[in-house]
Amino acid sequence: WKNERPSQSIAIIEPQHLRNQQQPPNQEIKRLQKQLTLTEQERSILHQDVQRLQHKLQKAQHDARSVVSKNKWLEKQTSKADQILTKAVEVERKKANDEMGRVRESMKGVLER
């Protein structure tokens, strides 16, 4: 019974994904052209995104350099202001000490009388 053939022929059914691959050449070309068009559009959009992001990055870098420069200037100004304040405190302290000395001498004079 192994050598016997069935009396009816068996129909071979191709899976759907294999049937789609067997499109006529002009349909395949149209599909590929459409895919190429979509891919080119996506590439253009991505290129625009890259340019926009590069511009934002350049602006952020410029802003960062500006902030660093301004911080250095402010540090110098703060240092100068601190020096001026320290000098002013020293001058005022000397004036106060001199005045205290005069007040002491005046009080001694008042008490000695």
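See the structure shown above.
The rules we used
- Residues numbered from 1 in each chain as written.
- Predicted model: local features only at pLDDT ≥ 70, side-chain atom pairs only at ≥ 80, totals over all residues.
- Heavy atoms only, no water.
- Helix = DSSP H or I, 4+ residues; strand = E, 2+ residues; numbered from the N terminus.
- Buried < 20%, exposed > 50% of the residue type's maximum accessible area, 1.4 Å probe, protein only.
- Salt bridge = Lys/Arg side-chain N within 4 Å of Asp/Glu carboxyl O.

A. The arrangement of the overall build of the chain in detail. A count of helical and extended segments in the chain gives two helices and zero strands. Looking at the chain as a whole, 0% of its 113 residues are labelled buried.

B. Looking closely at the pattern of salt bridges. Applying the stated rule across the entire model yields seven salt bridges. Ionic pairing is found between R102 and E99, a salt bridge with its closest N-O pair at 2.7 Å. Within this pair, R102 and its partner E99 are both found in helix α2 (residues 25–112), separated by three residues, close to a single helical turn. Given the relative accessible area of 40%, E99 is considered partly exposed.

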